[in-house]
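What follows is each chain in one-letter form.
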Amino acid sequence: MRQGSGGQAVIRFRAVGVFLLLAHLLLVGWLTLRPLDVPWMTAANLRPFAGIRTDLSLGPAEAAHRIGEGLLLLAPLGVLLPMAGGRLHVSPWASLARTVAAGALISLTIELAQTGVPGQVVDVDSLLLNTVGVGLAHLLVVPVCRKRLRRRGQDRVRLVPRPRDETPQGSTPTISRVGIAP
């Protein structure tokens, strides 16, 4: 449904997706790239799952809060990236792979940008949690929504009756090319 039937609706759908995507990225940038005034800083975490293990040792409530923040920060991208793309008929696995890769790249960009912000440190676990959050959001929402939109589009096609005097007439005749005389 990228081009063809429902043209204006697709354009509006994609425009809303792009607008919401940009608004979310601005919010994430504001949240993650603000300078913090802290008396001390922890060292950068470059060992995978070390920060998650630390969070789990703080107790279930604190661990759920910290891990949930990591999962939810970029999770809307799992829905907004395919929405901004506007593809309705696409392989679910290709869509998931594209969305997760884009989410991982955005998360990596944020983590690398944090190296220059006072009070912010790089955490590889944030990269992992953000990417998993994007993938989970995509898996939970996008296939169901695409299925509904495809079904709704098929219902519209069935509802449009064909006029009785309009029958398929076969292929359009073509004229062979005539060479130009010198």
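Residues numbered from 1 in each chain as written. Predicted model: local features only at pLDDT ≥ 70, side-chain atom pairs only at ≥ 80, totals over all residues. Heavy atoms only, no water.

**What to know about the overall build of the protein**
- Summing up its helical and strand segments, the protein has 6 helices and 0 strands in all.
- Starting at the N terminus and ending at the C terminus, the protein contains elements arranged as α-α-α-α-α-α.
- The buried share of the protein, reckoned over its 182 residues, is 29%.
- Contacts in the protein between residues at least 24 apart in sequence constitute 78% of all its contacts with a sequence separation of at least 6.
- Surface accessibility of the protein: about 12900 Å² in total, with carbon and sulfur atoms responsible for 66%. (Helix = DSSP H or I, 4+ residues; strand = E, 2+ residues; numbered from the N terminus. Buried < 20%, exposed > 50% of the residue type's maximum accessible area, 1.4 Å probe, protein only. Contact = heavy atoms within 4.5 Å. Areas by Shrake-Rupley, 256 points an atom, 1.4 Å probe, with all protein chains shown as cover.)

**Some points on helix α1 (residues 7–32)**
- Along its 26 residues, α1 runs 37 Å from first to last C-alpha, staying within 8% of the 38 Å computed at 1.5 Å per residue.
- What α1 keeps buried is the set V10, G17, L21, H24, V28 and T32.
- Tucked into the core, α1 has its buried residues touching α3 (60–73), α4 (77–85) and α5 (92–113). (Expected span 1.5 Å × (residues − 1).)

**What to know about the side chain of H24**
- Its location among the elements puts H24 in helix α1.
- The class of H24 is buried, set by a relative accessible area of 13%.

**Quick word on the packing of aromatic side chains**
- All told, the structure shown has 0 aromatic pairs when counted by the stated rule.
- Across the ring face of W30, the terminal group of R34 is positioned such that the distance to the ring centre comes to 4.3 Å. (Phe/Tyr/Trp six-rings, centres within 6.5 Å; stacked < 30°, edge-to-face > 60°. Lys NZ or Arg CZ within 6 Å of the ring centre and 35° of its normal.)

**Quick notes on the pattern of salt bridges**
- Per the counting criterion, the structure on display carries 2 salt bridges.
- R66 is paired through a salt bridge with D55; the nearest N and O atoms lie 3.4 Å apart. In this pair, R66 sits in helix α3 while D55 sits in helix α2 (residues 50–57), placing the two residues 11 residues apart along the sequence.
- With relative accessibility at 37%, the residue R66 sits in the partly exposed group.
- According to the relative accessible area criterion, D55 is buried, its value standing at 11%.
- Across the pair R66 and E62 runs a salt bridge whose closest N-O atoms are separated by 3.0 Å. Taken together, the residues span about one helical turn, with R66 and E62 both in helix α3 at a distance of 4 residues.
- Connected through salt bridges with shared partners, the residues D55, E62 and R66 form a single ionic network. (Salt bridge = Lys/Arg side-chain N within 4 Å of Asp/Glu carboxyl O.)

**Here's the deal with the UniProt feature "transmembrane region" (unreviewed entry) in the protein**
- Cross-referencing UniProt, the feature "transmembrane region" (unreviewed entry) maps to residues 12–33 and 127–145 in the present numbering.
- Spanning residues 12–33, this segment combines 95% helix with 0% strand, and its end C-alpha atoms are found 31 Å apart.
- Helix makes up 100% of residues 127–145 and strand 0%. Its end C-alpha atoms lie 27 Å apart. (UniProt positions renumbered as here; feature names shortened; annotations may be inferred.)

**Here we look at the nonpolar core**
- Residues L21, V28, L74, L77, L80, L81, M83, A84, I106, I110 and V134 constitute the largest nonpolar core, which totals 11 residues.
- Elements with a contribution of two residues or more to this core: α1, α4 and α5.
- The dominant element in this core, judged by the number of residues it contributes, is α4, at 5 residues. (Core = buried A, V, L, I, M, F, W, Y, C linked by side-chain atoms within 4.5 Å.)

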